[in-house]
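Spelled out, the chains give:
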Amino acid sequence: MSTARVFGLAWADYRAEARLSLCAVLGLAAVLAPLLVLFGLKFGLVTTLTERLLNDPRTRELIPIGSGRYTPAWFDELRTWPGVAFVVPRTRQIAATAELRSADGRAVIVELIPTAAGDPLLARYGVAEPGGGQLVLSQPAAEKLGAATTLDASIGRSRAGREEYAHAVLNVIGTAPLAAFDRDAAFVPLPLLEAAEDYRDGYAVPALGWPGLDKPAGARQYPGFRLYAGTLDDVAPLRAQLVARGLEVLTQADAIDNVKRLARNLDILFAAIAGLGGIGYLAAAGAASLAAVERKRRELSLLRLLGLPTRGLLLFPLAQALYTAFAGCLLALALYFGASAGLNLLFATAPGEQLCRLLPLHALAAVALTLGTVALAALAGGLRATRIEPSEGWRDV
Amino acid sequence: MAVTTVYRLRDVRRSRGTLGDTRFVLQVPALDIARGERLALVGPSGCGKSTLLDMLALVLAPDAGGELHLLNNDIGALWQLKRADALAALRARHLGYVLQTGGLLGFLDVRGNIALPGQLSGRADAAWVTRLAERLGISRHLDKHPAALSVGERQRVAIARALAHRPAVVLADEPTASLDPLSAQTVMQLFIDLAAESATTLILASHDRALVERYGLEVLAAQLAPASDGGIVSRFERTRR
């Protein structure tokens, strides 16, 4: 008898026992659906956290601790290091503030943050870098200044007991969101910061028409910098290189490690739960398969009597187990999609982020593992079935 | 056409029990059954007719030493070698079975039950199956499941199934014992006629000698005798030929 015919016979029996078959399908789905949801949550959570890290330029930032004396030549060298995506010098913190005033009289004192072409922090949020005479406001500063497009920046110094102010007119070309910077700040090109520093020191800035002493010749020294690595994986080696140069830097290594550790722990947790569920299901399905073969002893022995070969007897419970596996997987996946849609709706954090998600590959693996488990369980019944004697069916009074 | 020998038995034995009066030995010193013969194994309960029928049905192994052939297949050797699938293939191809209570598969409809031997032997004959169903008066039940049929109708279905793949032999174990006398006669007559029509060898076991003689079956009666060790020996031999 062909394999297809045995599957057909098994299907006829499976359909005749529709209620029991339905119970088997529900039993499988009851184990599989929660595991799928759990795996979806684990995978979704780790993916979301990793993507957030990847998408947040601050995780790639290396912040020097304390202040140093970095020359332009040093920065030229730093830019050639592998893994360096962006670096811009900082001027002295005390000199990097300005008062911004709008035409309607609103004013706020901001930190001036140096920026340049390719600034990852601005690029992440789609904000263009300011050029000469331009600035990008942080969201808190923008809120305080209203919808002004042109601002007057004033930088103060005290010379010989007198307060003096230099002014520059700057156009607002964008706002960096709160996620990028949460204090009052303005992103400006480095030359403006250098000018502010010089003015504070009492020197003249001829380019902006600011009066003062002539600045003596010599290379400028910067106390700090804004440095970003190209990828998350570049952070650690770059930090090691800087440390080797005697520089202490802060990184988000902890945050990266935490996500990696969380992913590993969730893997172990999931493996434990899936293992327990799988072993439990294997035992239950094996027992059910044995019970089914006992229940169908008369029918199976009749088939044996009529000449069904051993292979057919082995296939009969296996075919029915495969029907259960297919229907159970379909039901479990349907339940999973319902549950994950609900969870994602409930815990939606950012557009495009999914807390609970499965890749097609995961669903395929789940189906394959289920088929394997169910087939293994059915082997118990199948082997029992092959030991049924044809004589039992011959006299079934 | 040469007469085909379907069964050839020489010194076939089957013993049961080991001690004293519980020991029972079935013996068939010599028996040849030709194609188209109609035999009835007759005797009281416990005489060994079921044991012999089981051996002929290829579901019970004879004791080692004798010789049991079905259409030139050495059945004894197949049992010795535990060739269960070879025996199953022979059953599917050459044997049909009518059980005392139908022995139909509840999860298949009547059509599926009758088609089963054809599928198992790879010899489906739709025209013959239709004719069988017509002759047995079960054509209108083909789409029903056995549970929806009366006992008599189920037995007719069982007969159709036994003959569906045109087996060389049909074996029947008290085929009409569960029917009322009137339907027993009708069913038995149809059975005999259809077996004759398809030149099938018919071997049935019955406790009712009068019934089988009325339908012209050759009776093979058990001869019981006490054995030397206190057990019972039962012999089946032809009394006339």
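Residues numbered from 1 in each chain as written. Chains lettered and ligands numbered in written order. Predicted model: local features only at pLDDT ≥ 70, side-chain atom pairs only at ≥ 80, totals over all residues. Heavy atoms only, no water.

1. Quick notes on the domain arrangement of chain A
For chain A, the assigned domains are domain 1 (3-55 + 258-387) and domain 2 (87-227). Summarising the inter-unit geometry, the C-alpha centres of domain 1 of chain A and domain 2 of chain A are found 62 Å apart. (Domains from an automatic or database assignment.)

2. Regarding the environment of Glu197(A)
Residues and elements named next belong to chain A. Inspection of the secondary structure assignment puts Glu197 in helix H6 (residues 190-200). The exposure class of Glu197 is buried, given its relative accessible area of 3%. When the C-alpha atoms of Glu197 and Phe326 are compared, they prove to be 73 Å apart, with 129 residues separating the residues in sequence. Ignoring anything within four residues of it in the chain, the contact list for Glu197 reads Thr91, Arg92, Ala95 and Arg220. Of note is the side chain of Glu197, whose polar atom sits 2.9 Å from the backbone nitrogen of Arg92. (Helix = DSSP H or I, 4+ residues; strand = E, 2+ residues; numbered from the N terminus. Buried < 20%, exposed > 50% of the residue type's maximum accessible area, 1.4 Å probe, protein only. Contact = heavy atoms within 4.5 Å. Polar contact = N/O pair within 3.5 Å; in protein donor to acceptor, adjacent residues only side chain to side chain.)

3. Quick word on the interface of chain A and chain B
Counting from both sides, the interface comprises 25 residues of chain A and, opposite them, 28 residues of chain B. Across the chain A to chain B interface the summed buried area is about 2400 Å²; carbon plus sulfur atoms make up 65%. Connecting chain A to chain B are one salt bridge. The salt bridge partner of Asp85(B) is Arg304(A), with a shortest N-O separation of 3.4 Å. Inspection of the chain A/chain B interface yields five residue pairs in polar contact (both at pLDDT 80 or more). Elements with a minimum of two residues in the side of chain A that touches chain B: helix H1 (3-16), helix H9 (297-305), helix H10 (310-346) and helix H12 (390-394) of chain A. When residues of the side of chain A that touches chain B are assigned to their parent elements, the largest contribution, six residues, is made by H9(A). Here the side of chain A that touches chain B is built from residues that sort into 14 nonpolar, four polar and seven charged. (Buried area = accessible area lost by both parts, 1.4 Å probe. Salt bridge = Lys/Arg side-chain N within 4 Å of Asp/Glu carboxyl O. Nonpolar A, V, L, I, M, F, W, Y, C, P; charged D, E, K, R; others polar.)

4. Some thoughts on the sheet that holds strand E10 (residues 249-250) of chain A
Residue and element names in this part refer to chain A. Judged by pairing direction, the sheet is antiparallel, and its four strands sit side by side in the order E2-E9-E1-E10 without closing on themselves. Since the sheet does not close on itself, it has two edges, and those belong to strand E2 (84-90) and E10, each with one partner. Alignment of E2 against strand E9 (residues 224-229), held across six bridges, turns out to be antiparallel. In the strand pairing of E9, Phe86 is matched with Tyr228. Most of the contacts of helix H7 (residues 232-244) go to E9, to which it runs at about 145°, and overall it touches strand E1 (61-64), E2, E9 and E10. (Pairing = 2+ DSSP bridges. Axes fitted to C-alpha atoms, helices over the stretch in contact; angles between N-to-C directions.)

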